[in-house]
Each structure stands twice: as C-alpha cells, then as structure tokens.
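Here is how the chains run, residue by residue.
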Amino acid sequence: MKKKHIAIIGLGGVGGYFGFKICQNKLSEKHTVSFVARGETYRKLQADGLTLLSEEHPNHRTQADALFQNIVEMPRPDLVLICVKEYDLENVCQQLKSVISEDTIILPMMNGADIHERIRLVLPEQTILPSCIYVASHIKSKGVVEHKGKSGKLILGRDQEHSKRQLDWVLELLENSKINYEFKDNSLVDIWEKFIFIASVGLVSAKYNSSIGEACNNPQQKDETKRIMQEIKEIADKKEIGLATDIVDQTLAKSSAFPYDTPTSIQLDINAGKKHNELELFAGAIIKYATALQLATPYTQQIYQELKAKLNVA
Ligand SMILES: NC(=O)C1=CN([C@@H]2O[C@H](COP(=O)(O)OP(=O)(O)OC[C@H]3O[C@@H](n4cnc5c(N)ncnc54)[C@H](OP(=O)(O)O)[C@@H]3O)[C@@H](O)[C@H]2O)C=CC1
Ligand SMILES: CC(C)(CO)C(=O)C(=O)O
C-alpha cells in the first residue's frame, strides 16, 4: 500500500506540539511526515530538529522524514495540517493549490469560527475538516516549542460537503500518535465554544497584558470578558449554532483548566507591538458577524478601538 504523506505547515506553538507527536509515533511503514517551516525556523529545524519542551515527552527532539522551506517544493500530500496564524492562512492556501490533489484532506489547527469557510474559498474541491484546539504551547525560540499544563486537545468534524469521505486512516493516525482528540459528525458547536472563549479572553488579556487566569478572575477584567462573551452568544444564537444557554458561565469555568498565568497568543503579539496579530480574527469577526445580523456589539467595538490605539493603528 502506498504510504500516506502527512504535511505539517507551520512549526510554531501548535504545529510544534501536534507535529512532534505525529513524528514520534509515526508508523514508518504507513506514513511519511514532512515539516514546512520558513526563515530561521527552517534553519533551526535543519540543524537541530524540532524541540518540544513538555512533561509529556522526556525525549525532547524529533526529526520529520523531510523538511521544506516552501510549500510548493513538497510532494503531493494526503493530509495537510495547517498550523499558522490566520493572517498567513490565505497565502498558505494559495501555495497549496499547486501541490494538492482533489483527494488531499485539509485539517486546519487554528483559532477562529470561520477558518474552514475561508479555506474553502481558495480550495473549493478538497475535504476540509472543521476543527478547534485547546493547548497551551508557544515558541520559546525558533525551532523550540514549550508546552505547559494539560494535554493538548483536538476536536475535528466531518466536512458537510464531503460527508461520505473515508476518514478512518486520519483518525487512526491521531490515535497512534497519542493525540487527545474527539471526532464529531458536526463540530460547529465546539468551534463556537472555543471561539467564545478565546475571542473574549484573548481580547481582554491583550488589553490588560494579563493572563487567562486574570482575564477570568480579576473583577474588572472578568466583567469585560463576560460582556464580550454575551455579545458573541447573541451572534451564535441568531446563527442557530446551538450553544448552551449557560455558555457564558461554562466558558468562564473552562479557564480553570489552564494554569492561571497562561498567556494568550493575541496578548503576546499585541503587547510585543506586532502589526500582524489576531485582532481581526476575533474583534473584527465579531463586529462583521454582528453587522450582518443587525446586532449591537458595543463592548467588542470599544475594546477593538482600544487595542488599535495600543497598536497605533488608525
Ligand atoms: N499556541 C497556542 O497555544 C494555541 C494557538 N491556537 C491557534 O493555532 C494557530 C497557530 O498558532 P501558533 O502555533 O501559536 O502560532 P505560531 O506563531 O507559534 O506558529 C505559526 C508558525 O507558522 C509559520 N508559518 C506561517 N506561514 C508559513 C508558511 N507559509 N510556511 C511555513 N511556515 C509558516 C510561522 O513562521 P514564522 O515564525 O516565520 O512567522 C510560525 O512559525 C493560530 O490560529 C492560533 O490562534 C489555538 C490554540 C492554542
Ligand atoms: C488560550 C489558548 C492557549 C488556549 O488553547 C489559545 O487558544 C491561544 O492562546 O490562542
């Protein structure tokens, strides 16, 4: 049987954590694994391999079967894990066009409520598995990823436009890689549950340069976090996503699953003054959804302006 080729694009916090597991546990007779990294990350991976600092792995280093610095150089993949920030998504999808086939399965491992729809706009033929992830892992230095707290978790679902697509081998790969995952026919509720958490906590932690713990427990921050959650809930309700009625309380409780001082990626990026950050993925998207649905989102609007001012963006 032909070996399945798995490509992991982006070896940062998420790609480094999940990619490490896939590499460590790969069954070499069944799969080959490629990493695609750029710039300094590529050079570090070429020199030292991928390092994952995690209590789950006493051996910290691994190597993929192949390493590429450009997507277009790799052989045709059967499965692509897209592990980049949303502002790099369209660029990655454009480059993928020339190397994938209709049979390639795309698994985005990213935050955001509409990532699978955005991929579909560029790659209309492929099977795209809508997903969300929970993990606290960040780049310590290029090629070195640090994971803290609980085991990372992936929730993935069927592509509603390719609902008969055979996915057993993908689930078997996740299983063999000892990745904590859940597979659902419809993962949309889970995606919105993650979105309501990370968009609200992310925006407030970015405003105060605070942790997940502070954004959900400090009285003033908690109040702002809850108000943004409420605005997202109204959007989800109007879109008939099916979030639980007590989703705001459930989501606040979820924060205790993370070590108190866990940062969020948007907090780190905005407070490092990075012009590329996830403000549009969270605040921009909430405002866009609300405008289309004729809903008011004053708290999200306010924090959006405050964060733009912090970044000195008009
Ligand atoms: N980190 C976390 O704990 C969590 C993150 N998420 C989400 O997961 C997604 C990924 O986040 P995260 O891993 O933290 O992001 P990182 O910034 O840590 O990693 C993304 C990596 O992708 C690389 N990259 C971007 N474009 C390309 C390309 N064309 N070719 C090769 N490499 C590329 C970047 O390279 P370069 O360094 O050169 O820019 C970077 O190394 C985001 O949507 C985030 O919101 C979700 C849950 C938890
Ligand atoms: C909060 C966290 C770490 C949770 O998975 C996350 O999603 C992020 O920082 O983007």
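The protein chain is annotated in an unreviewed UniProt entry as 2-dehydropantoate 2-reductase of Marivirga tractuosa. According to the UniProt record, the Sequence similarities (unreviewed entry) comment for the protein chain reads "Belongs to the ketopantoate reductase family."

Moving on, we come to the domain arrangement of the protein chain. One can read the domain layout of the protein chain as domain 1 (4-186) and domain 2 (189-310). Just the C-alpha atoms count here: the centres of domain 1 and domain 2 sit 25 Å apart. With 22 residues of domain 1 in contact, the opposing surface of domain 2 contributes 24 residues. Across the domain 1/domain 2 interface, buried area totals approximately 1,900 Å², and carbon plus sulfur atoms make up 63% of it. Applying the counting rule to domain 1 against domain 2 returns two salt bridges.

Take the site of ligand 2 next. Looking at ligand 2, the residues that line it are Asn111, Tyr134, Val135, Lys194, Ile198, Ile212, Phe258, Thr264 and Ser265. For ligand 2, an oxygen atom lies 2.7 Å from a polar atom in the side chain of Ser265. With the chains in place, 94% of the 280 Å² that ligand 2 exposes on its own is no longer accessible. Secondary-structure elements contributing two or more residues to the shell around ligand 2 are strand S9 (131-141) and helix H6 (188-208). A breakdown of the residues in the shell around ligand 2 according to their chemical character gives five nonpolar, three polar and one charged. Of the residues that make up the shell around ligand 2, three or more belong to each of domain 1 (4-186) and domain 2 (189-310).

This next bit is on the packing of helix H8 (residues 219-238) against helix H12 (residues 298-310). For the pair H8 and H12, the least separation of the axes is 8 Å and the interaxial angle reads 120°. The angle between H8 and H12 places the two elements in the oblique class. Across the interface between the two elements, Glu224, Arg227, Ile228 and Glu231 from H8 touch Pro298, Tyr299, Thr300 and Ile303 from H12. For the contact of H8 with H12, the class distribution of residues is four nonpolar, one polar and three charged.

A separate point is the pattern of salt bridges. Opposite charge on two side chains allows them to pair when their charged atoms are near. One pass over the full model with this rule turns up 17 salt bridges. The salt bridge involving Glu172 is made with Lys30; its shortest N-O contact spans 2.8 Å. Within this pair, whereas Glu172 is found in helix H5 (residues 168-176), its partner Lys30 is found in the loop between helix H1 (13-24) and strand S2 (31-36), the two being separated by 142 residues in sequence. In this structure, Glu86 engages Arg118 in a salt bridge whose closest nitrogen and oxygen atoms are separated by 2.7 Å. Separated by 32 residues along the polypeptide, Glu86 in the loop between strand S6 (79-82) and helix H3 (89-96) and Arg118 in helix H4 (residues 115-122) bring together distant segments of the chain. When sorted by exposure, Glu86 lands in the same class as Arg118, which is buried. Salt bridges sharing common partners tie together Lys153, Glu182, Lys184 and Asp190.

A few words now on helix H11 (residues 279-292). The first and last C-alpha atoms of H11 sit 19 Å apart over 14 residues, in line with the 20 Å expected at 1.5 Å per residue. Counting buried positions over the 14 residues of H11 gives ten, a clear majority of the element. Buried within H11 we find Leu279, Leu281, Phe282, Ala283, Gly284, Ala285, Ile286, Ile287, Tyr289 and Ala290. Packed against the buried residues of H11 are H4, H6, H8, helix H10 (265-271) and H12. Positive phi shows up at Gln294, right after H11, with a value of about 55°.

Considering the arrangement of structural elements, one finds Glu117 in helix H4. Remark: the alpha-carbon pair of Glu117 and Gln250, spanning 133 residues in sequence, is separated by 27 Å.

Cut-offs used in this document
- Within each chain, residues carry numbers counting from 1 in the order of the written sequence.
- As they are written, the chains are lettered A onward and the ligands numbered 1 onward, keeping that order.
- pLDDT decides what is reported in this predicted model: residues at 70 or higher carry local features, side-chain atom pairs at 80 or more are listed and counted, and totals for whole chains, interfaces and linings draw on all residues regardless.
- Processing note: side-chain calculations cover all non-hydrogen atoms of the structure and skip hydrogens and water entirely.
- UniProt positions are given in the numbering used here, feature names are shortened, and annotations may be inferred rather than shown by experiment.
- All the domain ranges listed were derived from an automatic or database domain assignment.
- The contact rule is simple, with two residues in contact once any of their heavy atoms fall within 4.5 Å.
- When two parts are brought into contact, each loses some accessible area as probed by a 1.4 Å sphere; the total of that loss over both is the buried area.
- Salt bridges are defined as contacts in which a side-chain nitrogen from Lys or Arg sits within 4 Å of a carboxyl oxygen from Asp or Glu.
- Residues are classed as near a molecule or strand on a simple rule: at least one heavy atom within 4 Å of it.
- In protein, a polar contact requires one atom able to donate a hydrogen and another able to accept it; more generally it is a pair of N or O atoms within 3.5 Å, and residues adjacent in sequence count only if both atoms are side-chain atoms.
- For accessible areas, the Shrake-Rupley method is used with a probe of radius 1.4 Å. Any residue's cover is judged against the shown protein chains and nothing else.
- Here a helix means four or more residues in a row that DSSP labels H or I, a strand means two or more in a row labelled E, and each is numbered from the N terminus.
- Residue type decides the class: Asp, Glu, Lys and Arg count as charged, Ala, Val, Leu, Ile, Met, Phe, Trp, Tyr, Cys and Pro as nonpolar, and the leftover types, Gly among them, as polar.
- Whenever a helix is involved, its axis is fitted only over the stretch in contact; in every case the axis is a line through C-alpha atoms, and angles between N-to-C directions fall within 0 to 180 degrees.
- Should an angle fall under 35 degrees it is taken as roughly parallel, and over 145 as roughly antiparallel, whereas 65 to 115 is taken as roughly perpendicular and any remaining angle as oblique.
- Whether a residue is buried, partly exposed or exposed follows from its accessible area with a 1.4 Å probe, protein chains only, as a fraction of its type maximum: under 20%, in between, or over 50%, in that order.
- Helix span, expected: 1.5 Å multiplied by one less than the number of residues in the helix.

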